Each structure stands twice: as C-alpha cells, then as structure tokens.
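# Descriptive structure summary
One letter stands for each residue in the lines below.
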Amino acid sequence: MPKFCFTLVLVLFMMACSRTTAPPESGPVEPGVSLALAEERAQRVSDVSYLVHLAVPEAVSEAVAGRMEIRFNLATAEEPLALDFRAASEALHSLQVNGAALPTAVEAEHVLLPTNTLHIGENNVALQFTAGDSALNRNPDYLYTLFVPDRARTALPVFDQPDLKASWELSLDLPAAWEAIANTPRLSVSEADGRRVHRFAASEPISSYLFGFVAGRFQSVTRGWRGQGMTMLHRETDPEKLARNLDDIFRQHREAVAWLEDYTGVPFPFEKLDFALIPAFQYGGMEHVGAIQYRAELLLLDENPTDDERLRRASLIAHEVAHMWFGNLVTMRWFNDVWTKEVFANFMAAKMVNPLFPEIDHELNFLLRHYPAAYAVDRSAGANPIRQALGNLNEAGQMYGPIIYNKAPIMMRQLESLLGADALREGLAAYLERFAYANATWPALVEILDQKTPLDLAAWSDTWVHSPGFPPDSRQAEDTALFYGPQAAQLEDMARWPQLSPVARGRLLLNLFEGVLQGGAVAPEAYARELLSRLTAEPNQLLLSQMLDQLAVLQQLLLADPARERVQPDLEATLWQALAQSTDAGRTRLLFDNLTQLARQPETLQRLHAIWRGEDSISGLALAERDRIRLAERLAVAMPERASALITQQLAQVENPDNRRRLRFLAPALSADATERDAFFASLADPANRATENWVLDALGYLHHPLRIAHAERYLEPSLEWLQDIQVTGDIFFPSAWLNTTLRYHHTPEAIATVQGFLQARPAYNAQLRMKILQAVDLPQRAMQLRE
Ligand SMILES: [Zn+2]
C-alpha cells in the first residue's frame, strides 16, 4: 500500500514541531516541557520510580510539605539532567543527588542535576519541598490531585512527560478524620497525634499525569468486587439520593470492566478500581489509575432523571473505565496524540451503553451527542485538525475540545465501517498487547490497522485526522455511518416530519439549523415557529431535547428583538402546554428546566416564583435542592427587584455545605446592583478567585445573561486580555469554556468588533488561543449578521 502521503505529512509535521521548539536565547532549558527536552530524556532515562510522602495540614491556608526519592537509570551522563518543577526556588528545601547535597535552585521551572553528580546506571535523587497548591485542588476539608496534562510538575519535582512511565509509591500524612484513595491498594494506616499516615502499594508503570489521590472528609462506601472491595468516596448529605443511585453506579463500573475485558481480550490491567465523587469537579471525570474522579452531580442523579441524564452517566462511567486500557495501559507518547485515548474511550463507551439502554435509539443519540458540537467548530474560522503539532507540554491543554471529543468519534465510526468491526477489534487488541504499560503514537496504530485492509488508510487519515473542516466526500454520503457535514435543507422539508424515522428527524434538525446559520437560508423566526408547532407532539426525548436546545439559541441569540418579542408568548405558552400534557417525569424535568431558563413574561415568572416558594407545584415534578437553587438563581436575574430576597432566603434554606459555599460565591454575580457585579468580575483577574472553575463558569453565565448583555459588553476586553493567564493557571477545558460562556449571547457589532480588534492588534498571538477565540465568536458573529 502506498505510504508516501502519510510519510510526507509526518515529515511536515515534524518540521513544524522542530520549528516551534528551537531553544530560547536564555538558559539551557526553556520553561515548560519542550518536545526537545522530552525526546532527550526519553533517550537517556529509564526505569523510573518515585517514593512520595506528603503531609497535608488541616488548615487549607497552611502549605503541604513533601519529601521524595526518585530512582532512575541513566544511559549517558555527559549532560546535566532536568527535573520539572514549576515553583520558586524557595519551595525547594533540600536536594541530594547520589548522596551529594546540592544548592536548591529552580531555574525556568526546572531543577538541573549537574553532570558531576550523575553517573551511567542507577541514580538516586532525594528532595524536600513545599508542594504547590494549584493542582492539588485544596478545599476547606478535602483535596484532590488533577495533574493532566503537565501539572504534576506544579506540585512535585518529576519527569513530567507521558512516556517516562514510573512506579509510584505514596504515603499521605493526613488529619485523622480524613479518608483517602490513591492509585493502588492501601497497605497500612498508622495513627499518632491526631494524624493518620496512609501507605499505598507501589504502582505498575504509569505516566505522571495519571498519578493521583483524593483525601478529605468523605464518606466511604465499599462493595465487594472480585474478592476485594470497590470503594466510592462522596460528600452527599442526602441519604435518599445516595440510596437511589448506589446500585446503578457500582453495577455500571463492574459491567464496564467486564465488557472491556471481553472486547479487548486483556484482563483489567491494574490492581484495583475505586472512585471519588467530587463536588464542582472541573471535568465530567478523570481516569486516574485505579482511582477515578467524577463530578458528583453527574453520578448522583435527582429523582426522575431524564433519559439523557441516565445515558450521560452510563457513558461517563464507561468512558473513564475504558481509559484503564486506552490511555492508562497504553498511553500516547506525547500529548499531540491525547485525542487517541479520548476517541477510544468515547468509542468504547458508545458501544458499551447500547445494551444497557435497549429503549433508547442509539443511532440518534450518537448523532445528537456528537454532530452539533463538532459542526460548531468545523463551521468556524478557527477549525483545527484532530491531530495537531505540540511544541511544549505547557500548551497541551489546548489540544482538548469538541474536535477530539465529538469529531474524532465520528471519524472512529467511519474507520470501523471501512475496516469492519472484527478487523478493528483485532487491530486494537494487537495494539494493546504490543504497547502494554508503554506508549504509542497514532501512526503506529494506523500501521497495524493498514495491514487489515486493502484501502489506503494513510490517505483517509490525512483527510480526517490531519485536515480541519468538513471532509468533502462525507457531506454527500447517505449512509448515516459515513456522512458528516451540513446538507442542504428547506423549511418545507418539515412537512415530511411525521413520516420520518427518529434519526432522519435528527438529521433534518441539524441541517435546518445549519441552514439558519448559513446567512438565513432557512428563516430563523419561521424555523422557531416550526419547532414550537412540533414540540408538544414529539414523543422522543432526545429529539425534544435537541429542539429545545435550538429554540434556546434562536430565542436568546439569533432572533432580532422584534421577532424574539413576537415568539416569546408562544414559546412560554407551548412549554406550559407541553408540561401540562407530560406524563413522563424525565420529560417534565427537561421541559421545566427550559422554561425556567427562557421565562421572561411576568405571569410566568410569578408562577415560577410561587413554585420556588412551595406555594404552587407542577404535577410529576419534585424539586431537589439543586433544582431549587438553580430556580432561585434564574429568577434572581429575571426578577431583579426580588434578587436580593431570593438569594438571601435560598442561602438560609440550603442544607448541603458545598451547595452553600457555591451559592455564596455566586451571589454577587446574581446581584441586581451592577456595581456589585462589576466588582465581582474585577476580582476574577486574580487566579485565586478563579480556582473553582465550575463556579466561575456559572457566575460568568449570569454576568453575561441575555437580559444583561448590554452591560456585560464592558467585560469582553478584560476577559480576552486575561485569557493567556487563564491558560497558564487554569485546567484544560477552562480557556475555551471561559470564552464560550463569555461570548455566548453577545451579538452587537460593537461586541464583535471588540473581539476582532483584539485579534487584529495581536498578530503574533498564541495560535491555539486564537483558534479558540475564533471558534467561540463564530455563533455571535453569525447572530450579528442575521440580526442586521
Ligand atoms: Zn477521557
């Protein structure tokens, strides 16, 4: 098979990399972890093991003290060797290399081990230090590590690159009342002076971003699994809610492991599997070896969850468990291939949840979960290819986004349909076997798969993986497994709606919405009315949810003011009517959530306020604490005259301490007083005030609420100016989430000019962040044109 094309792409790719990693003028090592440094170390260093001891004080204001011993094999000792440690020199208290004490200096985020202390063969480095807090996610009575992609080095001195896998042995000195889980089984707990020291077993070889632990005041639930325990840590205060969810959560973990063993032919590759439910966790989940972290609210569902919530939970659990094989057992060599582990986890999750939800139309679910998000990037001027160059790990966070989470799974389905399911499965099994406990690249997998097909996979990979935008051939494909990209559609096509299959309805919705966005090829107001006319009768919850999502964007962004005002009464009347007719609790929750978000008319707001007070109710709808809090927040924005009373009363009623901390944080962003909101926004300049990213995003959503959008224009310029700092200090999804939440409802020529002016004034601006800005401003820009 011709490999020429692919080789050429590879050469170009490597040229691009080497250009961005040229050594800087000053100092021997540039900040971060450059590709050049990583490649050099991968050549020289092997057999790494870390012995880590951390003492965590009760008070969040006091520093975490660390002690480490690092052992490794060195192939050459003629050059100094850099350890990664993003800290000030004062944070390093002692340093010994092979027994010799050295001065403690941190230069350009590295501890340099001098040549005269190193030797070929085994080396030993001992360090004492203060662990940086930022990736330890310290809260008043708990903390958790989140080191992906390159943040281990903010807490510990390490070789922070995925292809220097190491054995990790951890001991944690914690307040006596604290629980803890880590990557490996706990060997012992010893107690003294109101403190407990937890010792954990040495790990299999794992990458630094997968090392992790969770510790604090958590409740612990253990269920038996394969002759040992599977433990869940949580902070939920509602016992009924826990009881309602526990069986499903544990069962889905067990079933996911069994499914993956069957599909891959590889037994569960690590010693044990625990997980922690963390309030306001930054992501949906993170797959630390043997100790998965989840956003608590995605696993502990309220009463009568929607189909979508149940599916999302099952998919999330399946996704994180799949990472134990795809990502943790076989890891990408460099973070430019981070998408491979994400696409496999998503692909496996989709395959796995199908049999668990026989009542759901999975073809439709795949379409609605992935296509709209992928289109949103691929239709923009900031579209990026799936595989991108990455010169330094300090930019690895920017590799993440809808293209790897949503477009790559579509690509994966194409790949399976091109190769055949059996050939793909065999290829993946060979890949897991060949690279177990080690690292691999996308080209290495393409090479394995290419042997299983007469097709030119390299050329296909070039279109799908190395190029941005909609692949030309896929737009026309009629086969659902092969099409990708908007197809021409007209409003008249809606006349066929009753005869269409659910998947065909889903495709029509996507195509019509793209038609609205393509300069109004489909008239926005007429389309909104069409959606409203179909809403109450649509039986499929996934389609209903998609229709409501589109209506929310139309009504809050795309429709010009007069059209929006014309549609508003019909929108609210339709939602009330659909609520009255709903006999399904999940459907009722979905409709109610949309109504509370979109309500603007005084009668509707009054009734919602009565429901919040408990003086009115909707049949089949029980409001959990989080629902009531969200309702109070939304009403506070829509009814500014009541904002202060709403928040004060809601705060007094909150029982869960984490919910109370969140609402206290949010309160100034909900205030009717613009000066209070301005002061809150200004406080976000300080990274310390952006630490709990989910709270910040919720607050930003209220600052830039459609009802306050004119006032919020003043936040745009500083929000863009802080973006680079946000990329450096924040977690991987935060920069784009910050941008999307900030820009979402802006549409005035002035707002768009602010964003364009920002980019024009900075021709040398970070290329990845420029793309993220162009992606986020795409919809606002289209809204401006539609509203003209
Ligand atoms: Zn993942």
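Residues numbered from 1 in each chain as written. Predicted model: local features only at pLDDT ≥ 70, side-chain atom pairs only at ≥ 80, totals over all residues. Heavy atoms only, no water.

A word on the overall build of the protein chain. Regarding its fold elements, the protein chain presents 30 helices and 20 strands. By the compact-globule yardstick of 28 Å for 788 residues, the protein chain fits well, its C-alpha radius of gyration being 27 Å. Its C-alpha atoms put the protein chain at 80 × 65 × 60 Å along the principal axes. Burial analysis of the protein chain (788 residues in total) assigns 59% to the buried set. (Helix = DSSP H or I, 4+ residues; strand = E, 2+ residues; numbered from the N terminus. Rg over C-alpha atoms; globule rule 2.2 N^0.38 Å. Buried < 20%, exposed > 50% of the residue type's maximum accessible area, 1.4 Å probe, protein only.)

This part takes up the packing of helix α15 (residues 524-535) against helix α17 (residues 561-581). Viewed as axis vectors pointing N to C, α15 and α17 meet at an angle of 10 degrees, and their least axial separation amounts to 10 Å. Taken together, α15 and α17 sit at an angle that is classed as roughly parallel. For the pair α15 and α17, contact is made by Glu-525, Arg-529, Leu-532 and Leu-535 and by Ala-563, Arg-566, Val-567, Asp-570, Leu-571, Thr-574 and Leu-575, respectively. Of the residues that constitute the contact of α15 with α17, the class distribution is six nonpolar, one polar and four charged. (Axes fitted to C-alpha atoms, helices over the stretch in contact; angles between N-to-C directions. Parallel < 35°, antiparallel > 145°, perpendicular 65-115°, else oblique. Contact = heavy atoms within 4.5 Å. Nonpolar A, V, L, I, M, F, W, Y, C, P; charged D, E, K, R; others polar.)

Two elements in contact, helix α14 (residues 502-517) and helix α16 (residues 541-558), have axes whose closest approach is 10 Å; the angle formed by their N-to-C orientations is 10 degrees. Judged on the interaxial angle alone, α16 and α14 are roughly parallel. Mapping the contact onto sequence places Pro-502, Arg-505, Gly-506, Leu-509, Leu-510, Phe-513, Val-516 and Leu-517 in α14 and Leu-543, Gln-546, Met-547, Gln-550, Val-553, Leu-554 and Leu-558 in α16.

The protein atoms that coordinate the zinc ion are His-319 (NE2), His-323 (NE2) and Glu-342 (OE), at distances of 2.1 Å. Mapped onto the sequence, the residues coordinating the zinc ion show the spacing H-x3-H-x18-E. Here Glu-342 lies in helix α7 (residues 338-356) and His-323 lies in helix α6 (residues 307-323), a separation of 19 residues in the sequence. Residue classification places His-323 among the buried residues on the basis of a relative accessible area of 0%. (Donors = N, O, S within 2.8 Å, 3.2 Å for Na, K, Ca; no water.)

What follows covers the sheet that holds strand β5 (residues 100-102). Read from one edge of the open sheet, eight strands run β5-β4-β7-β2-β1-β9-β12-β11, paired in mixed fashion. Sheet topology places β5 and β11 (186-192) at the edges, where each strand pairs with a single neighbour. Across this sheet, the average inter-strand angle for adjacent strands is 15 degrees, counted without regard to direction. In the sheet, strand β2 (residues 64-74) pairs with strand β7 (residues 121-131) via 11 bridges, with the strands oriented antiparallel. The residue bridging Asn-73 from the neighbouring strand is Glu-122, located in β7. (Pairing = 2+ DSSP bridges.)

A separate point is the confidence of the model for the protein chain. With 96% of its residues at a pLDDT of 70 or more, the protein chain shows a mean pLDDT of 93. Low pLDDT, under 50, characterises residues 1-27; the stretch is placed with 27 contacts to residues that sit more than four places away or in other chains. (pLDDT = per-residue confidence, 0-100.)

Side chains bearing opposite charge may pair, as long as their charged atoms lie close to each other. Evaluation of the coordinates by the stated rule reveals 50 salt bridges. Linking Arg-44 and Glu-40 is a salt bridge whose minimum nitrogen-to-oxygen distance equals 2.9 Å. Of the two residues, Arg-44 and Glu-40 are both situated in helix α2 (residues 35-44); the distance of four residues between them amounts to about one turn of the helix. Looking at Arg-44, the relative accessible area reads 6%, which means it is buried. On the basis of relative accessibility, which here comes to 32%, the residue Glu-40 falls in the partly exposed class. For Arg-505, the salt bridge is made with Glu-538, and the minimal N-O distance between the two is 2.6 Å. Here Glu-538 lies in the loop between α15 and α16 and Arg-505 lies in helix α14, a separation of 33 residues in the sequence. Residue Arg-505 is classed as buried on the basis of its relative accessible area of 12%. (Salt bridge = Lys/Arg side-chain N within 4 Å of Asp/Glu carboxyl O.)

Let us now look at the sheet that holds strand β10 (residues 179-182). Pairing within the open sheet is antiparallel, and its three strands lie in the order β8-β13-β10. In the strand order of this sheet, the two ends are held by β8 (142-144) and β10, each with one partner. Each adjacent strand pair in this sheet contributes to an overall mean axis angle of 5 degrees, direction not counted. In terms of strand pairing, β8 meets strand β13 (residues 213-216) through three bridges, oriented antiparallel. Within β13, the position partnered with Leu-143 by the bridge is Ala-215.

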